[in-house]
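These are the residues of each chain, in order.
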Amino acid sequence: MVTQKSNNVLEPGQGRSEFIEVFAIYRVDQVMGGRVIAGRLLPSLRPDSLQVRDFLDRWPGSHSMRSSTHGWDLLLFEPSEQRERWWLHAALFLLTLFSTTVAGSLLSGLWPIEFFALPAFFPGAGGWWLPVPIAIDLPALAVGAPFGLALVLVLALHEAGHYYAARLHSLSVTPPFFIPFPPYISIIGTLGAFIRLRSPVTSRNALLDVGVAGPVLSFVASLPLLWWGLLNSRVVSVEVAHPSPYLVQFAGVEQFWLGGSVAMSGLVRLVLDVSGPGQYLDLHPVAFAGWLGLFVTALNLLPISQLDGGHILYAMLGGRQRPVAWLFFSALIPLGFLWAGWWIWAVLIFVIGRGRMWHPPVFNAERGLTAGRLAVGIVAAIVFVLCFVPVPFRL
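What you see is a predicted model; the values in this text were computed from it and never measured.

1. Brief notes about the overall build of the protein chain
Scanning the protein chain for helices and strands turns up 12 helices and 14 strands. In the protein chain, buried positions account for 48% of the 395 residues. Look at the contacts in the protein chain between residues 6 or more apart in sequence, and 70% of them connect residues 24 or more apart. As displayed, the protein chain has an accessible area near 20000 Å², and 65% of this comes from carbon and sulfur atoms. Counting 24 positive and 21 negative side-chain charges, the protein chain places the centres of these two groups 9 Å from one another.

Shown next as structure tokens:
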């Protein structure tokens with residue numbers, strides 16, 4: 001995030017005297033969601049001083065404090081009073097619910113939307129056609145609703161975990177942005193969802209809470225969906241042996257084979273018997289949504305850059321996380337020979353991290369994690385191992 005130095009330390013009437021009575025300001029930066037105010041407590045004050053505690057209790061945003069050779073440095077984030085565009089978030093949510101529901105119908109072998117082929121011609125380029133939707137088959141669309149609802153539920157709970165953890169630490173954060181995508185191009189009808197932090201994360205404890213809340217919720221939500229979906233899946237026999245154990249059929253004409261994670265394989269053994277020769281599992285769409293929930297959880301828990309796993313790794317190790325991040329990023333290159341999607345994911349990580357595989361430092365990095373949060377970070381690492389699939393998709 002690019003910050004811009006502000007020329008106005010404090011606007012008139014914005015609590016100037018109260019600031020002066022508590023600490024001396026030496027820098028103010030404008031950020032997307034407000035401004036960051038850096039200062040130092042007056043020599044006569046300490047973090048446990050009544051005047052300081054009273055000021056911080058009434059501060060509307062997040063804050064962090066650390067000891068330095070010059071005294072106690074204080075970082076305050078003051079959120080701007082911008083209004084959320086709830087209409088945009090609601091529209092993206094509904095569009096994603098629709099596109100994933102259409103994908104669910106296609107996964108059930110139905111075509112819920114009728115298209116008209118509109119010819120389009122360009123000089124010297126021959127001719128091609130544009131698909132124009134002209135009708136919706138509501139009964140066929142209803143068949144896809146379980147998949148659409150299940151997948152959107154997993155995505156929503158994942159982002160809700162991040163959102164409420166951020167708000168718990170008084171961080172400024174956007175509501176989730178859902179990303180619909182044509183289900184005739186992507187078999188799941190979405191590219192996922194994300195939230196944006198507007199304020200800096202000022203401690204490793206807060207960073208871990210925000211990073212771990214989403215993957216843990218999506219993992220927990222995926223398990224019952226996967227369980228129910230497996231109970232309604234079919235065991236099929238295939239004459240030609242295939243290295244992937246799970247099958248998904250799309251639009252009744254295409255087949256995709258899915259790899260199995262430790263969590264997926266364990267649940268399958270508990271629910272079904274697929275031990276016979278040549279037997280595979282034709283997944284119910286809800287089981288596929290549960291599988292996707294585990295897969296998305298593993299993708300986000302990769303300990304690289306500013307993915308959820310990168311946040312967690314930095315919160316646990318601080319600056320020592322750099323070689324671990326580079327190790328995991330380098331592992332994506334040989335994995336790409338097994339599934340080319342890892343190369344695409346590596347490029348996206350490179351773009352998201354602006355070329356950095358490590359995590360940018362937080363203000364109060366010297367303060368380590370509490371014992372409870374360290375245990376939660378270890379649990380997140382275990383969840384990553386349980387959900388990771390080296391070869392997710394095969395045709």
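Resuming the write-up.
2. Some thoughts on helix H5 (residues 145–168)
One full turn of an α-helix is made of 3.6 residues, so residues set three or four places apart face in the same direction. In a regular helix each residue adds 1.5 Å, so 24 residues correspond to 34 Å; H5 covers 33 Å between its end C-alpha atoms and thus fits that length. With its phi angle positive at about 60 degrees, serine 170 sits one or two positions after the end of H5.

3. Some words on the pattern of salt bridges
This model, assessed by the stated rule, comprises 6 salt bridges. Taking the shortest distance from any N to any O, the salt bridge between arginine 198 and glutamate 84 comes out at 2.9 Å. Here arginine 198 is found in the loop between strand S9 (190–194) and helix H6 (204–231), whereas its partner glutamate 84 is found in the loop between strand S5 (71–79) and helix H3 (86–107), with 114 residues between them in sequence. Here glutamate 84 falls in the partly exposed class, since its relative accessible area comes to 25%.

4. What about the packing of aromatic side chains?
In the structure shown here, the tally under the stated rule is 19 aromatic pairs. Seen in terms of ring centroids, phenylalanine 147 and phenylalanine 288 are 5.9 Å apart; in terms of plane orientation they differ by 15 degrees. Their pairing is stacked. Within this pair, whereas phenylalanine 147 is found in helix H5, its partner phenylalanine 288 is found in helix H8 (residues 285–300), the two being separated by 141 residues in sequence. A relative accessible area of 1% places phenylalanine 288 in the buried class. Feature note: the residues Phe147, Phe288, Trp291, Phe295, Phe328, Trp339, Trp342, Phe384, Phe388 and Phe393 constitute an aromatic cluster, connected by ring pairs.

5. Details of unusual backbone geometry
Phi is positive for serine 170, close to 60 degrees, though the residue is something other than glycine. The phi torsion at serine 305 lies on the positive side, around 50 degrees, for a residue other than glycine. Looking at the element boundaries, serine 305 is found in the loop between H8 and helix H9 (308–317).

6. Some details on the side chain of serine 199
Assignment of secondary structure puts serine 199 in the loop between S9 and H6. The buried category is assigned to serine 199, whose relative accessible area is 6%. Reaching out from serine 199, the side chain makes a polar contact with the backbone nitrogen of serine 172 at a distance of 2.9 Å. If we ignore the near neighbours within four places in the chain, the residues touching serine 199 are Ser62, Phe77, Leu171 and Ser172.

7. Considerations on the environment of arginine 46
Counting through the fold element by element, arginine 46 comes out in the loop between strand S3 (34–41) and helix H2 (50–58). As for arginine 46 and leucine 283, which are separated by 237 residues in sequence, their C-alpha atoms are 61 Å apart. Filtering out sequence-adjacent residues up to four positions away, arginine 46 remains in contact with Leu41, Val52 and Trp72.

About the thresholds
Residues numbered from 1 in each chain as written. Predicted model: local features only at pLDDT ≥ 70, side-chain atom pairs only at ≥ 80, totals over all residues. Heavy atoms only, no water. Helix = DSSP H or I, 4+ residues; strand = E, 2+ residues; numbered from the N terminus. Buried < 20%, exposed > 50% of the residue type's maximum accessible area, 1.4 Å probe, protein only. Contact = heavy atoms within 4.5 Å. Areas by Shrake-Rupley, 256 points an atom, 1.4 Å probe, with all protein chains shown as cover. Lys, Arg positive; Asp, Glu negative; His and termini not counted. Charge placed at Lys NZ, Arg CZ, Asp CG, Glu CD. Expected span 1.5 Å × (residues − 1). Salt bridge = Lys/Arg side-chain N within 4 Å of Asp/Glu carboxyl O. Phe/Tyr/Trp six-rings, centres within 6.5 Å; stacked < 30°, edge-to-face > 60°. Polar contact = N/O pair within 3.5 Å; in protein donor to acceptor, adjacent residues only side chain to side chain.

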